[in-house]
Amino acid sequence: INGVAALTVTGITASNKTYDRTTSATLSLGSAALVGVIGGDTVTLATGSATGSFADKTVANSKTVTVSGLAISGADSGNYPLTQPTTTANITAVTLTVSGVTANNKTYDRLTTATLSTGSAVLVGVIGGDTVTLSTAGATGSFADKTVANGKTVTVSGLSISGADSGNYTLTQP
């Protein structure tokens, strides 16, 4: 008897996730189905040990997720090899914030320019072990308007991040 074509599995999806330094993927197995079983044969798919793994840990869309741990059983399962499927999902960037930036009070001068103090600026949200550095060199501040008032909002721009893992993060200006 010649070999039977390998069984494949359809209906497995992986969930998108936010970057977390791991390649683990969460699978949805509720619609998993075997494809290729010859009519009348008894072959059952077991998904209880299934795991998913992204090709790597970095941020990107439509990343390959390899599924492993699927198994088959049943009276005729020995006649079939099982091909573990792949699917795709996204790893999205972690949003970082900055604390420790302050704006100096000023005397009315018809401008909205604000002087910033960035000496205590720190990144908030970097996952331990990642290399991400905050640059304040291009930081600028702008009052919401030029009128005199207390407690005015100052918008900060020009902060940036760099480092080996910075591509896995986005920066929200404070």
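The numbering scheme is per chain: residues are counted from 1 as the chain's sequence reads. Given that this is a predicted model, residues contribute local features only at a pLDDT of at least 70 and side-chain atom pairs are listed and counted only at 80 or more, while totals for whole chains, interfaces and linings are drawn from all residues. Calculated side-chain values reflect all of the structure's heavy atoms, with hydrogen atoms and water omitted.

Chemist: Hey, could you run me through the overall build of the chain in this one?
Modeler: Each helix corresponds to a stretch of at least 4 residues labelled H or I by DSSP, and each strand to a stretch of at least 2 residues labelled E; elements are numbered beginning at the N terminus. Along the chain, the regular secondary structure elements total 0 helices and 21 strands. The C-alpha atoms of the chain give a radius of gyration of 27 Å, which is well past the 16 Å a tight globule of 174 residues would have. For the chain, the C-alpha atoms occupy an extent of roughly 90 × 30 × 20 Å along the three principal directions. Looking at the 174 residues of the chain, the share that counts as buried comes to 26%. In the chain, of all internal contacts separated by at least 6 residues, the share reaching a separation of at least 24 is 63%. Accessible area for the chain stands at about 9,700 Å²; split by element, carbon and sulfur atoms hold 50% of it. Positive charge is attributed to Lys and Arg, negative charge to Asp and Glu, and no charge count is given to His or to the chain ends. Note on charges: their place is set at NZ of Lys, CZ of Arg, CG of Asp or CD of Glu. Averaging the positions of the 8 positive and the 8 negative side-chain charges in the chain gives two centres separated by 20 Å. What the globule rule says is 2.2 Å times the number of residues to the power 0.38, and the radius of gyration is computed from C-alpha atoms. Throughout, exposure labels follow a simple rule: accessible area from a 1.4 Å probe, protein chains only, divided by the maximum for the residue type, with under 20% read as buried, over 50% as exposed, and the rest as partly exposed. The contact definition used throughout considers only heavy atoms, calling two residues in contact when any of these lie within 4.5 Å. Residue burial considers only the protein chains on display, and all accessible areas are found by Shrake-Rupley using a 1.4 Å probe.

Chemist: In this structure, what is going on with the sheet that holds strand β12 (residues 94-99)? I would like to understand it.
Modeler: Reading across from one edge, β16-β12-β21 is the order of the 3 strands in this open sheet, with mixed pairing throughout. The sheet is open, and its two borders are formed by β16 (122-124) and β21 (169-171), each paired with just one other strand. Between one strand axis and the next, the sheet turns through 40 degrees on average, direction left out of account. Whether two strands pair comes down to DSSP finding at least two bridges between them. For β12 and β16, the ladder comprises 3 bridges, and the chain directions are antiparallel. When the sheet's bridge partners are listed, T97 is paired in β16 with V124. Axis geometry follows a simple rule: fit a line to the C-alpha atoms, using only the stretch in contact for helices, then measure angles between N-to-C directions, giving values from 0 to 180 degrees.

Chemist: Could you clarify how one ought to interpret the side chain of K17 in this entry?
Modeler: Examined against the element boundaries, K17 turns out to sit in strand β3 (residues 17-18). Counted as a polar contact is a pair of N or O atoms within 3.5 Å, where, for protein atoms, one must be capable of donating a hydrogen and the other of accepting one, and residues adjacent in sequence contribute only when both atoms are in side chains. At 2.8 Å, the side chain of K17 forms a polar contact with the side chain of D20. Of note is the side chain of K17, whose polar atom sits 3.0 Å from the backbone oxygen of T22.

Chemist: Sorry, what's going on with unusual backbone geometry here?
Modeler: Negative phi characterises most residues that are not glycine, and trans characterises most peptide bonds. With phi around 75 degrees, R21 is a residue other than glycine that occupies positive phi space. Along the polypeptide, R21 turns up in the loop between β3 and β4 (24-25). Here R21 falls in the partly exposed class, since its relative accessible area comes to 31%. Even without being glycine, R110 reaches a positive phi, approximately 70 degrees.

Chemist: Explain the packing of aromatic side chains to me, please; I cannot follow it from the model alone.
Modeler: The relation between two aromatic rings is expressed through the spacing of the ring centres and the mutual angle of the planes. Between rings of Phe, Tyr and Trp, where Trp is taken as its six-membered ring, a pair exists when centres lie within 6.5 Å; planes separated by under 30 degrees are stacked, by over 60 edge-to-face, and by other angles tilted. The tally for this structure, following the rule as stated, stands at 1 aromatic pair. Ring plane angle 70 degrees and centroid distance 5.6 Å describe the contact between Y19 and Y169, whose orientation is recorded as edge-to-face. Of this pair, Y19 sits in the loop between β3 and β4 while Y169 sits in strand β21, placing them 150 residues apart in sequence. Here Y19 falls in the buried class, since its relative accessible area comes to 2%.

Chemist: I'm lost on the sheet that holds β4 in this one. Help?
Modeler: In a beta sheet, neighbouring strands are held together by backbone hydrogen bonds and run either parallel or antiparallel to one another. Spatially, β3-β11-β9-β8-β4 is the arrangement adopted by the 5 strands of the open sheet, whose pairing is mixed. Taken across any chain shown, the strands that pair with only one partner, and hence form the sheet edges, are β3 and β4. Note: strand β8 (residues 51-54) against strand β9 (residues 60-68), 4 bridges, orientation antiparallel. By the bridge assignment, S53 is partnered in β9 with T66.

Chemist: Sorry, what's going on with the pairing of β8 here?
Modeler: On a regular strand, one side chain projects to one face of the sheet and the next to the other, so that they alternate. Residues G52 and F54 of β8 are buried on one face, while the alternating residues T51 and S53, pointing to the opposite face, are not. By the bridge criterion, 2 bridges tie β4 to β8 in an arrangement that is antiparallel. Each residue of the ladder has a partner; that of A25, found in β8, is G52. Taking the residues that link successive antiparallel strands as the turn, the β8-β9 hairpin has 5 residues.

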